[in-house]
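Geometric and topological summary
This is what each chain is made of:
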Amino acid sequence: MAFREKYSDFFQNLNEEYFNEERFVPAVGPEDAEVMMVGEAPGENEVEQGEPFVGRAGKKLNKILNDIDIDRSEIYITNLVKIRPPENRDPKKEGIKAWKPLLEREIEEVDPDMVLTLGNFASKELLGKKKGITSIHGRIFSREGRKIMPIYHPAATLYDQSKTPVLEKDLRKAFGKEETGQTSLKDLQQ
Ligand code: URA
């Protein structure tokens, strides 16, 4: 079912101050996904293509997922705020407050085993912690009986390359694909 239709009661009640048809991007992915990713807010490319994480940050995320053999299409991908903020600003407190109930509904509906919060905004909002992402990324927290792991936002790895292997490691952990440190016998025979 289309996103707007599925959550029509939320959209009917959303104050129009926080909605903008031309800047809206719905979530994507299976409604019974085992893993949910929560970003911050869509950007220009996302609005153009109508899908979260399809711009530069999304391409970086795709590359890491690909490198560790994870199929993006199996992940439910959404944003804390579903409207692109003006001039790519950070989302504002009131906007976050207006959109958060929808995210809570999505979590309930999809009922994933693990929620990955990408970056400070989504992490702080779902974990209620004041600590920044640098000190809490990669740890698994329990929230109402559900696992939540904060991870770096892929956009952060574009500015600071040293965060790329950290994000990869955390994603491996979240998907149970940790490196064992073992060498395949095949490699020995080469
Ligand atoms: N950054 C986000 O937080 N979300 C997107 O959908 C794209 C970039």
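Residues numbered from 1 in each chain as written. Predicted model: local features only at pLDDT ≥ 70, side-chain atom pairs only at ≥ 80, totals over all residues. Heavy atoms only, no water.

1. As for a negative patch on the surface
- There is a patch of like negative charges on the surface, built from Asp32, Glu34, Asp71, Glu74 and Asp113.
- Residue position: Glu34 is located in the loop between helix H2 (8-13) and strand E1 (35-39).
- Glu34 gets classed as exposed once you look at its relative accessible area, which sits at 55%. (Patch = residues over 30% accessible without salt bridge, like charges linked within 9 Å, V, L, I, M, F, W, Y side chains within 5 Å. Areas by Shrake-Rupley, 256 points an atom, 1.4 Å probe, with all protein chains shown as cover. Salt bridge = Lys/Arg side-chain N within 4 Å of Asp/Glu carboxyl O. Lys, Arg positive; Asp, Glu negative; His and termini not counted. Charge placed at Lys NZ, Arg CZ, Asp CG, Glu CD. Helix = DSSP H or I, 4+ residues; strand = E, 2+ residues; numbered from the N terminus. Buried < 20%, exposed > 50% of the residue type's maximum accessible area, 1.4 Å probe, protein only.)

2. Details of the site of the ligand
- Taken together, Gly39, Glu40, Ala41, Pro42, Glu46, Pro52, Phe53, Asn79 and His153 make up all the residues around the ligand.
- Here Glu40 contributes a backbone N or O atom positioned 2.7 Å from an oxygen atom of the ligand.
- One of the backbone N or O atoms of Phe53 is found 3.0 Å from an oxygen atom in the ligand.
- The fraction of the free accessible surface of the ligand (230 Å²) that becomes covered by protein chains is 91%.
- Mapping the ligand onto the cavity grids shows that it belongs to the largest pocket.
- Taken together, the residues of the shell around the ligand sort by class into four nonpolar, three polar and two charged. (Near = heavy atom within 4 Å. Polar contact = N/O pair within 3.5 Å; in protein donor to acceptor, adjacent residues only side chain to side chain. 1 Å grid on protein atoms, 1.4 Å probe; cavity = no way out; pocket = protein on both sides within 12 Å on 5 of 7 lines; lining within 4 Å. Sits in = over half its atoms within 2 Å of the grid points. Nonpolar A, V, L, I, M, F, W, Y, C, P; charged D, E, K, R; others polar.)

3. Overview of the pattern of salt bridges
- This model, assessed by the stated rule, comprises 13 salt bridges.
- Note that Lys100 and Glu125 form a salt bridge whose closest N and O atoms lie 3.4 Å from each other. One end of the pair, Lys100, is in helix H5 (residues 93-110); the other, Glu125, is in helix H6 (residues 120-127), with 25 residues separating them in the sequence.
- Take Glu125: its relative accessible area is 25%, and that puts it in the partly exposed class.
- Of the charged contacts, one joins Glu104 and Arg143 as a salt bridge, the two residues approaching to 2.7 Å between their closest N and O atoms.

4. Concerning the side chain of Lys82
- Relative to the helices and strands, Lys82 is located in the loop between strand E2 (76-79) and H5.
- What makes Lys82 buried here is its relative accessible area of 0%.
- Here the side chain of Lys82 touches Thr78 through a polar contact of 3.4 Å, side chain to side chain.
- Only 2.6 Å separates the side chain of Lys82 from the backbone oxygen of Asn79, close enough to count as a polar contact.

5. Things to note about the pairing of E1
- Burial within E1 is extensive, with five of its five residues counted as buried.
- Where E1 lies against E2, four bridges are found, and the strand directions are parallel. Looking at the pairing, Val38 lines up with Thr78 of E2. (Pairing = 2+ DSSP bridges.)

6. Quick look at the nonpolar core
- Judged by nonpolar contacts, the single largest core of 28 residues is most densely connected at Phe3, Phe11, Val38 and Trp99.
- Broken down by secondary-structure element, the contributors of at least two residues to this core are H2, E1, H5 and H6.
- Broken down by element, the residue count for this core peaks at seven residues, all from H5.
- With residues near it in sequence (within four places) discarded, Trp99 still touches Phe10, Phe11, Leu14, Tyr18, Phe19, Phe24, Leu80, Val81, Lys82 and Ile83.
- One finds Ala57, Ile77, Leu118 and Leu167 within the second-largest nonpolar core, a separate group that totals 21 residues. (Core = buried A, V, L, I, M, F, W, Y, C linked by side-chain atoms within 4.5 Å. Contact = heavy atoms within 4.5 Å.)

7. Re the packing of aromatic side chains
- Applying the stated rule across the entire model yields 11 aromatic pairs.
- Ring centres 5.5 Å apart and planes at 85 degrees place the aromatic pair Phe11 and Phe24 in the edge-to-face group. Of this pair, Phe11 sits in helix H2 while Phe24 sits in the loop between H2 and E1, and the two are 13 residues apart along the sequence.
- In this structure Phe11 comes out as buried when scored by relative accessible area, which is 14%.
- Here Phe11 and Trp99 contribute two aromatic rings whose centre-to-centre distance is 5.9 Å and whose plane-to-plane angle is 70 degrees, an arrangement assigned as edge-to-face. Of this pair, Phe11 sits in helix H2 while Trp99 sits in helix H5, placing them 88 residues apart in sequence.
- The class for Trp99 is buried, based on a relative accessible area of 1%.
- By the ring-pair criterion, three or more aromatic residues cluster together here, those being Phe3, Tyr7, Phe10, Phe11, Phe19, Phe24 and Trp99.
- Between the NZ or CZ atom of Arg4 and the centre of the ring of Phe24, over which it lies, the distance is 5.2 Å.
- Geometry around Tyr152 places Lys163 over its ring, the cationic atom sitting 5.2 Å from the centre. (Phe/Tyr/Trp six-rings, centres within 6.5 Å; stacked < 30°, edge-to-face > 60°. Lys NZ or Arg CZ within 6 Å of the ring centre and 35° of its normal.)

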